[in-house]
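Spelled out, the chains give:
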Amino acid sequence: YEYLIKQLEITNNKVFILSGWISEYVIDERLIEKFRYLLKKGVNIYIGYGYQSNGRHLDNQHTERALLNLRNLYREKIKYSYEGELVVAKFPNHQKIFLVDNVVTVVGSANWLSNKSFKNEEYSIAVNSEVFSIRESERLLKLFKKHNPNYRYWFLNMEKINISVIQDLLKT
């Protein structure tokens, strides 16, 4: 979590954060404030989650609270015309990736969006390669576009409807 925060402080262009799960324990006020700062300065933020077991991802109250925090930030972004883009996408995902500005890509076992304390042994590698990061960035952009072409619709309209219901609607 602290590594994530430190890297966000020096982000200037875009950031991808992918994890199987998302939780309010990580998407807390401190992280939302960092995201707000980045959006104001024009940084694009891509958040992907959605580990599937038995063919579907089971959201819980911690997931829904995290998404509420992000949705409120998205509405604020629209209201105040923040320059950066906030893309939150739910798709079958177990990748754990943190990519910053096509400069560094961290891959490994850390669930960036759901685990703040890392009580289990985790192992990740930071690849400081512009070539690798650009390739990963391009791959991840395609992944986001493939799985969530209408993300704004479901992201903004999920307050009273269960997220899985909306995802099912988008598939039809």
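Right above here is the structure, for reference.
Just so you know, these numbers come straight off a predicted model, no measurement behind them.

Student: Explain helix α2 (residues 29–40) here, please?
Tutor: Between the first and last C-alpha of α2 there are 16 Å, a value that for 12 residues agrees with the 16 Å anticipated at 1.5 Å per step. All of the buried residues in α2 are Leu31, Ile32, Phe35, Arg36, Leu38 and Leu39. Seen end-on, α2 carries its buried residues on one side only, within an arc spanning 165°. Looking at the buried side of α2, the elements it contacts are α1 (2–9), β1 (14–18), β2 (44–49), α3 (61–79) and β3 (86–90). Of the residues trailing α2, Gly42 is marked for its positive phi of about 95°.

Student: Would you mind showing me how to read the pairing of β3 here?
Tutor: Put simply, side chains in a regular strand alternate between the two faces of the sheet. A large share of β3 lies buried, amounting to 5 of its 5 residues. Burial along β3 is two-sided: Leu86, Val88 and Lys90 and Val87 and Ala89, pointing in opposite directions, are all buried. Bridging between β2 and β3 involves 5 bridges; their strand directions are parallel. Each residue of the ladder has a partner; that of Tyr46, found in β3, is Val87.

Student: What is the right way to read the packing of aromatic side chains from this model?
Tutor: Any aromatic ring pair is given by two values, namely how distant the centres are and how the planes are angled relative to each other. For the structure shown, the criterion picks out 9 aromatic pairs. By the ring-pair criterion, three or more aromatic residues cluster together here, those being Phe16, Tyr46, Phe91 and Phe144.

Student: Can you help me understand helix α4 (residues 130–147) in this one?
Tutor: In an α-helix there are 3.6 residues to a turn, and that puts residues three or four apart on one side. When the terminal C-alpha atoms of α4 are compared, their 26 Å separation across 18 residues agrees well with the 26 Å that a helix rising 1.5 Å per residue should span. Regarding α4, the residues found buried are Ser133, Glu136, Ser137, Leu140, Leu143 and Phe144. Looking down the long axis of α4, one finds its buried residues gathered within 125° of arc, a one-sided arrangement. The outward face of α4, more than 90 degrees from its buried face, is lined by the exposed residues Val131, Arg135, Lys142, Lys145 and Lys146. Looking at the buried residues of α4, the elements they touch are β1, β2, β3, β4 (97–100), β5 (104–108) and β6 (124–127).

Student: Sorry, what's going on with the packing of α1 against α2 here?
Tutor: The geometry of a pair of packed helices is captured by two quantities: the angle between their axes and the separation between those axes. Two elements in contact, α1 and α2, have axes separated by 10 Å at closest approach and are oriented at 20°. In terms of orientation, α1 and α2 fall into the roughly parallel class. The way α1 lies across α2 gives a crossing that is left-handed. Only Arg30, Leu31, Lys34, Phe35 and Leu38 of α2 make contact with α1, whose side of the interface consists of Glu2, Leu4, Ile5, Leu8 and Glu9.

Student: Help me out: how do you make sense of the sheet that holds β6 in this one?
Tutor: Within a sheet, neighbouring strands are paired by backbone hydrogen bonds and run either parallel or antiparallel to one another. The strand order across the open sheet formed by 6 strands is β3-β2-β1-β4-β5-β6, and the pairing between neighbours is mixed. Of all strands in the sheet, those with a lone pairing partner are β3 and β6, marking the two edges. Adjacent strand axes in the sheet meet at a mean angle of 10°, parallel and antiparallel pairs treated alike. Contacting β1, β2 and β3, α2 crosses the sheet at an angle of about 135° to β2. Here α3 sits on the sheet in contact with β2 and β3, set at roughly 150° to β3.

Calculation notes
- Residues numbered from 1 in each chain as written.
- Predicted model: local features only at pLDDT ≥ 70, side-chain atom pairs only at ≥ 80, totals over all residues.
- Heavy atoms only, no water.
- Helix = DSSP H or I, 4+ residues; strand = E, 2+ residues; numbered from the N terminus.
- Expected span 1.5 Å × (residues − 1).
- Buried < 20%, exposed > 50% of the residue type's maximum accessible area, 1.4 Å probe, protein only.
- Arc of directions from axis to C-beta.
- Contact = heavy atoms within 4.5 Å.
- Pairing = 2+ DSSP bridges.
- Phe/Tyr/Trp six-rings, centres within 6.5 Å; stacked < 30°, edge-to-face > 60°.
- Axes fitted to C-alpha atoms, helices over the stretch in contact; angles between N-to-C directions.
- Parallel < 35°, antiparallel > 145°, perpendicular 65-115°, else oblique.
- Left-handed = near helix turned anticlockwise from the far one by under 90°.

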